[in-house]
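Notes for the structure review
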Amino acid sequence: MSAFRLGRMQVRRSGYGAMQLAGPFVFGPPADRAAAIAVLRAAAAAGVNHIDTAQYYGPDVVNDLIRDALYPYPAELAIVSKVGVRRDDTGAVLPFDDPDQLRAGIEGNLRSLRVGRLAAVNLRLPGDGRVDARFDDQLAAMVAARDEGLIAGVGLSNISLEQLRHAVAGTDIVCVQNLFHLADRRAAPLLAECLSRGIAFVPFGPLGWPRGQQNPVLNSPVVAQAAARLGVTPVQVALKWLLQLAPNVLLIPGTGSVSHLRENLAAEDVTLDEEALRQLDAVAPWPDDAPSSEMRSLPHGIPPGQGSPLSPGERARSEPRSPKHCEVSSATRAR
Ligand SMILES: NC(=O)c1ccc[n+]([C@@H]2O[C@H](COP(=O)([O-])OP(=O)(O)OC[C@H]3O[C@@H](n4cnc5c(N)ncnc54)[C@H](OP(=O)(O)O)[C@@H]3O)[C@@H](O)[C@H]2O)c1
């Protein structure tokens, strides 16, 4: 079971994303509250020490579940949240990312989770990739919260490479959370940049998007065949493929099911052989601006400490478009 640094903490690389615990479209309470609590407790009991959440999951639902399930928290548990949007009464996803709103978002998380400080909070951006005065003001609000001890680390989500480079020039960033999976590798340059800087890279949507019949990961014949040949599940192939890419990849697959949780954690123990890695590499292209020497050197993955020169101009990251992926629905952004 391997671990990687997440700010001040060392966390198991297999964590848990709590978004799926809310009701449909991440809005409202779960159909079965006891089952949701059971998933969180099973995660903690299985040694998960990295849980991803947000006050706007529900809203005000998932953080309450985490608190009710796990408070008082184990000392080694890193709860990571994100700020930058809110939900209204109809479930619409609205920006909430002015500096004072970011501060209010952080304070809301602290209250609901009943903690004095969070391991990290991601500044969740709309995906326009812009480096401008507004971005600097948002970063300043996050840094102020860290300086005052409300958060131990600043993270960034839905960012461009340019934004990451700009941010790290001014302050420490502990994690980056962007969409990335076997069939969508557009964030590969970000992953490499994070690796070279010792920043945790936390892919959301690790099992592919969209869900169901159109899921390009779980319905990939290549993934299915590799899973069948190795005697594991397609989900485990998808998760292990991410884990083997680089040591700074931290997984947070989301599920409302204890059995799925266990299946996901067991992906750590899967061995993807050379044949599987070669075949999986061909499921989707690497982006043109991926650092080719490292990212394409599978099955060996990216050598630690070798971030390579990346082409400029990497912009907005991929954005699943569904209410379930409420966090990345930039269409609702007001400005
Ligand atoms: N920063 C951002 O903007 C952002 C955006 C989206 C998500 N996130 C975070 O990233 C986490 C992961 O992303 P995600 O939850 O959207 O996507 P995901 O982890 O790729 O997929 C979750 C979906 O896969 C299913 N699933 C999970 N394990 C399974 C298994 N073993 N077998 C079959 N189905 C399985 C879940 O259904 P079941 O409940 O039935 O298992 C759920 O429908 C979220 O929970 C959230 O914490 C962040």
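The name recorded for the protein chain in an unreviewed UniProt entry is Oxidoreductase, from Trebonia kvetii.

End to end, helix α3 (residues 99-113) covers 21 Å across 15 residues, agreeing with the expected 21 Å (1.5 Å per residue, within 8%). For α3, the complete set of buried residues consists of L102, G105, I106, G108, N109, L110, S112 and L113. Summarising the contacts, the buried residues of α3 are in contact with α2 (62-70), β5 (78-83), β8 (120-124) and α4 (133-147). Note on α3: the residue one or two positions beyond its end, R114, has a positive phi of about 60°.

Before going further, it helps to examine the confidence of the model for the protein chain. Of all residues in the protein chain, 87% attain a pLDDT of 70 or more, and the chain-wide mean is 89. Within the model, the stretch residues 296-326 combines pLDDT values under 50 with 77 contacts to residues more than four positions away or in other chains. In the model, residues 328-335 has pLDDT below 50 throughout and makes 18 contacts with residues more than four positions away in sequence or in other chains.

Attention now moves to the pairing of strand β9 (residues 154-157). Across a regular strand the side chains alternate sides, sitting on one face of the sheet and then on the other. Covered by surrounding structure in β9 are V154 and L156 together with G155 and S157, the residues of both alternating faces. Strand direction decides the pairing type here: β8 and β9, joined by four bridges, are parallel. Note on β9: the bridge partner recorded for R124 is S157. In this structure, β9 lies alongside strand β10 (residues 175-177), joined through three bridges in parallel fashion. The residue bridging L156 from the neighbouring strand is V176, located in β10. Handedness of the crossover is the feature at issue here: the chain leaves β9, passes through helix α5 (residues 161-170), returns alongside β10, and the resulting connection is right-handed.

What follows concerns the nonpolar core. Grouped together as the largest cluster of nonpolar side chains are 100 residues, with contacts concentrated most on L6, A120, V176, L191, A200, V223 and A238. Leaving out residues up to four positions away in the same chain, A238 has contacts with H181, L182, P206, L207, G208, V217, L218 and V223.

Before going further, it helps to examine the environment of S220. If you trace the backbone, S220 turns up in the loop between β11 (200-201) and α7 (221-230). The class for S220 is buried, based on 22 C-beta atoms found within 10 Å. Once the C-alpha coordinates of S220 and L182 are considered, the two residues, 38 residues apart in sequence, prove to be 9.8 Å apart. In contact with S220, not counting residues within four places along its chain, are A183 and V283.

Quick notes on the rules
Residues numbered from 1 in each chain as written. Predicted model: local features only at pLDDT ≥ 70, side-chain atom pairs only at ≥ 80, totals over all residues. Helix = DSSP H or I, 4+ residues; strand = E, 2+ residues; numbered from the N terminus. Expected span 1.5 Å × (residues − 1). Buried ≥ 20, exposed ≤ 12 C-beta atoms within 10 Å, placed from the backbone. Contact = placed C-beta atoms within 7 Å. pLDDT = per-residue confidence, 0-100. Pairing = 2+ DSSP bridges. Right-handed = clockwise from strand over helix to strand, strands pointing away. Core = buried A, V, L, I, M, F, W, Y, C linked by C-beta atoms within 7 Å.

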